[in-house]
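Given next are the chains, with one letter for each unit.
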Amino acid sequence: MTIVDAIAEPLPRAVIDLAALRRNVAHLAAIAAPAEVMLAVKADAYGHGLLPIAEAGLEAGATSLAVLEVPAGLVLRRAGVTAPLLAWLHGQDTDWRAAIENDVQLGISARWQLDAIAAAGADRPAVVHLKVDTGLSRNGATRADWPGLVDSALALQERGIVRVRAAWSHLADASLEEDRRALAEFHEAVAEAQARGARFEILHLAASSAGIRMPEARFDLVRFGIAAYGFSPFDDATGAELGLIPTMRLEAPVTEVHVDGTTRVRIGIGYGDGVPTLGIAKASVQLAGRRCPVVAVEVDSMLVDAGDARVRAGDPAILFGPGTDGEATAETWADWAETIADEMITGVAARVPRVYVG
Ligand SMILES: *Cc1c(COP(=O)(O)O)cnc(C)c1O
């Protein structure tokens with residue numbers, strides 16, 4: 001092969017459309033109303049960048065943020081975000097005192113977490129959301145442990161160490177029947193806690209899926225994640241069909257053009273940047289206004305068959321975007337790679353610069 005054109009510095013980038021994010025959040029807020037929107041910004045806002053997404057989401061009508069772990073909550077506080085924050089994944093090194101004193105609300109699944117709060121010696125009560133497992137078996141007190149967790153929290157509330165704000169759980173989103181069963185289970189757990197003296201200020205259960213299709217699961221707030229980033233939580237509908245706009249466009253420049261009968265071009269992004277290697281036989285990238293099949297994916301580059309397209313080094317190739325210019329969406333890539341859009345967007349490596357527009 002003959003390299004006929006090349007550039008020296010291949011720089012892929014993820015372009016984040018904050019206007020699209022705001023439109024999605026406003027759209028979801030209208031669907032969920034009167035329930036409020038807690039925007040899930042875990043995993044660096046699903047790969048979009050924590051702070052810009054948090055700020056845009058709050059501007060668009062989200063009233064609180066779900067951060068997963070305390071350090072992310074502290075990052076937002078240090079950046080001046082004043083909205084309520086919920087963190088629920090805790091470990092032995094969780095800084096409970098910093099969380100409480102920076103008003104990071106805490107999802108609580110186990111007694112040891114309450115013990116840690118009591119031992120933290122913070123200058124104010126911890127605001128806690130007691131989490132019950134309703135079938136997902138992932139982070140949440142089992143129904144057997146639930147009464148004990150509630151009693152411990154109420155005892156600490158008496159002593160002014162915690163304020164029990166919420167009861168909550170998370171749905172598996174596997175099937176409507178399963179979610180209905182989990183909802184019934186949640187109602188039972190709440191009633192059981194109330195019978196023991198709990199007076200919850202709010203209840204929450206739904207994420208994107210139930211938030212959109214299961215009104216009876218919305219309670220006081222919906223924790224929207226993937227839908228806010230423009231993707232469908234359902235197999236039977238795309239994000240576009242739900243009125244959502246993908247908020248990330250992943251692109252990289254052509255770095256080399258080879259001519260050998262047909263034109264093969266090297267694009268400056270590879271599996272080290274988060275491009276999946278599975279399913280590349282089906283994959284294509286958008287180049288010079290058309291879809292060009294992917295031939296190979298390497299660590300920092302990929303090879304694309306550009307056919308007879310006129311391509312020059314430096315031209316942008318779009319891997320995925322909103323889908324409005326003929327390019328694939330992250331949902332399309334997820335189909336090729338046999339995964340979900342969540343993994344496509346969250347998997348874009350940290351070394352790929354995020355560029356904000358809108
Ligand atoms: C990730 C997450 C969400 C958001 O889920 P989506 O399906 O992306 O909307 C909500 N709640 C909890 C507890 C989560 O972990």
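As the structure is a computational prediction, the values presented were derived from the model and not from experiment.

Colleague: Explanation requested: the pattern of salt bridges in the structure shown.
Modeller: Two side chains of opposite charge can pair, provided their charged atoms sit close to one another. Applying the stated criterion across every chain, the model contains 18 salt bridges. The salt bridge partner of Arg 97 is Glu 101, with a shortest N-O separation of 3.3 Å. Taken together, the residues Arg 97 and Glu 101, both in helix H5 (residues 96-101) and 4 residues apart, mark about one turn of the helix. Close ionic contact of Arg 249 with Glu 251 constitutes a salt bridge, the shortest N to O distance being 2.9 Å. Accessibility expressed as a relative area gives 27% for Arg 249, which makes it partly exposed. Owing to a relative accessible area of 9%, Glu 251 belongs among the buried residues under this scheme.

Colleague: Honestly, the packing of aromatic side chains in this entry has me stumped. Any pointers?
Modeller: The geometry of two aromatic rings is summed up by the distance between their centres and the angle between their planes. As enumerated under the stated definition, the model contains 5 aromatic pairs in all. Residues Phe 186 and Phe 219 carry aromatic rings whose centres are separated by 5.3 Å and whose planes lie at 75 degrees to one another, so their mutual orientation is edge-to-face. You can see Phe 186 sitting in helix H8 (residues 176-195) and its partner Phe 219 sitting in the loop between helix H9 (208-213) and strand E10 (221-224), a full 33 residues away along the chain. The lysine or arginine in question, Lys 131, covers the ring of Trp 168, its NZ or CZ lying 4.5 Å from the ring centre. Sitting over the ring of Phe 234, Arg 213 keeps its end group 3.7 Å from the ring centre.

Colleague: For this particular structure, what's the right way to read the pairing of strand E3 (residues 36-40)?
Modeller: In the case of a regular strand, side chains alternate between the two sheet surfaces. Counting buried residues in E3 gives 4 out of 5 residues, a clear majority hidden from the surface. Two elements, E3 and E10, share 4 bridges in a ladder whose sense is parallel. Pairing of Leu 39 across the sheet is with Phe 224, part of E10. For E3 and strand E4 (residues 64-68), the ladder comprises 3 bridges, and the chain directions are parallel. Across the sheet, residue Ala 40 finds its bridge partner in E4, namely Ala 66.

Colleague: Looking at this model, I keep getting lost on the side chain of Glu 327. Mind explaining?
Modeller: With respect to the helices and strands, the residue Glu 327 is situated in the loop between strand E16 (316-320) and helix H10 (330-336). In this structure, Glu 327 is buried with no salt-bridge partner, the nearest side chain bearing the opposite charge being Arg 249 at 6.5 Å. Within the local environment of Glu 327, its side chain forms a polar contact with the backbone nitrogen of Gly 323, the two atoms lying 2.7 Å apart. Within the local environment of Glu 327, its side chain forms a polar contact with the backbone nitrogen of Asp 325, the two atoms lying 2.8 Å apart.

Colleague: Could you clarify how one ought to interpret the nonpolar core in this entry?
Modeller: As a rule of thumb, soluble globular proteins bury nonpolar side chains together. Residues Ile 117, Trp 146 and Trp 333 are the most contacted members of the largest nonpolar core, which totals 128 residues. No fewer than three residues from each of domain 1 (17-230) and domain 2 (246-354) sit in this core.

Colleague: Teacher, can you tell me more about the site of the ligand here?
Modeller: Residues in close proximity to the ligand total 13 residues, the closest being Lys 42, Tyr 46, Ser 208, Gly 225 and Ile 226. Taking Lys 42, its side chain carries an N or O atom lying 2.6 Å from an oxygen atom of the ligand. Here a nitrogen atom of the ligand and a side-chain polar atom of Arg 223 are 2.8 Å apart. For the ligand, whose accessible area on its own is 390 Å², the fraction buried by protein is 92%. Looking at the shell around the ligand, the elements that each hand over two or more residues are helix H2 (42-46) and E10.

Colleague: Explanation requested: the side chain of Glu 331 in the structure shown.
Modeller: Tracing the backbone shows Glu 331 in helix H10. In this structure, Glu 331 is buried with no salt-bridge partner, the nearest side chain bearing the opposite charge being Arg 213 at 11 Å. Within the structure, the side chain of Glu 331 is placed 3.2 Å from the backbone nitrogen of Gly 239, a separation counted as a polar contact. Beyond its immediate chain neighbours, meaning those up to four positions away, Glu 331 contacts Phe 231, Ser 232, Thr 238, Gly 239 and Ala 341.

Colleague: Please clarify how the UniProt feature "modified residue: N6-(pyridoxal phosphate)lysine" (unreviewed entry) in the protein chain should be interpreted in this entry.
Modeller: Taken from the UniProt record, the annotation "modified residue: N6-(pyridoxal phosphate)lysine" (unreviewed entry) applies to Lys 42. Here Lys 42 is to be found in helix H2. On the basis of relative accessibility, which here comes to 26%, the residue Lys 42 falls in the partly exposed class. Sequence-distant contacts of Lys 42, that is, excluding residues within four places in its chain, are made with Ala 66, Val 67 and Leu 68.

Colleague: Would you take a moment to explain the domain arrangement of the protein chain for this structure?
Modeller: The domains assigned to the protein chain are domain 1 (17-230) and domain 2 (246-354). Of note, the centres of domain 1 and domain 2, computed from C-alpha atoms alone, are 36 Å apart. Across the domain 1/domain 2 interface, buried area totals approximately 870 Å², and carbon plus sulfur atoms make up 57% of it. Applying the counting criterion to the domain 1 and domain 2 interface returns 0 salt bridges. On the surface where domain 1 and domain 2 come into contact, there are 4 residue pairs in polar contact (both at pLDDT 80 or more). Counting residues per element, the side of domain 1 that touches domain 2 draws most heavily on helix H1 (residues 18-32), which supplies 3 residues. Of the residues that constitute the side of domain 1 that touches domain 2, the class distribution is 7 nonpolar, 4 polar and 1 charged.

Colleague: I keep staring at the UniProt feature "domain: Alanine racemase C-terminal" (unreviewed entry) in the protein chain and nothing clicks. Help me out?
Modeller: If you check UniProt for "domain: Alanine racemase C-terminal" (unreviewed entry), the listed places come out as residues 247-357 in our numbering. The span residues 247-357 carries 12% helix and 41% strand; its end-to-end C-alpha distance comes to 10 Å.

Colleague: Help me out: how do you make sense of the environment of Leu 171 in this one?
Modeller: Position of Leu 171 relative to the elements: it lies in the loop between strand E8 (162-168) and H8. Owing to a relative accessible area of 3%, Leu 171 belongs among the buried residues under this scheme. Sequence separation of Leu 171 and Ala 210 is 39 residues, and the distance between their C-alpha atoms is 8.0 Å. If we ignore the near neighbours within four places in the chain, the residues touching Leu 171 are Leu 136, Asp 179, Ala 182, Leu 205 and Ala 210.

Conventions adopted
- Residues numbered from 1 in each chain as written.
- Predicted model: local features only at pLDDT ≥ 70, side-chain atom pairs only at ≥ 80, totals over all residues.
- Heavy atoms only, no water.
- Salt bridge = Lys/Arg side-chain N within 4 Å of Asp/Glu carboxyl O.
- Helix = DSSP H or I, 4+ residues; strand = E, 2+ residues; numbered from the N terminus.
- Buried < 20%, exposed > 50% of the residue type's maximum accessible area, 1.4 Å probe, protein only.
- Phe/Tyr/Trp six-rings, centres within 6.5 Å; stacked < 30°, edge-to-face > 60°.
- Lys NZ or Arg CZ within 6 Å of the ring centre and 35° of its normal.
- Pairing = 2+ DSSP bridges.
- Lys, Arg positive; Asp, Glu negative; His and termini not counted.
- Polar contact = N/O pair within 3.5 Å; in protein donor to acceptor, adjacent residues only side chain to side chain.
- Core = buried A, V, L, I, M, F, W, Y, C linked by side-chain atoms within 4.5 Å.
- Domains from an automatic or database assignment.
- Near = heavy atom within 4 Å.
- Areas by Shrake-Rupley, 256 points an atom, 1.4 Å probe, with all protein chains shown as cover.
- Contact = heavy atoms within 4.5 Å.
- UniProt positions renumbered as here; feature names shortened; annotations may be inferred.
- Buried area = accessible area lost by both parts, 1.4 Å probe.
- Nonpolar A, V, L, I, M, F, W, Y, C, P; charged D, E, K, R; others polar.

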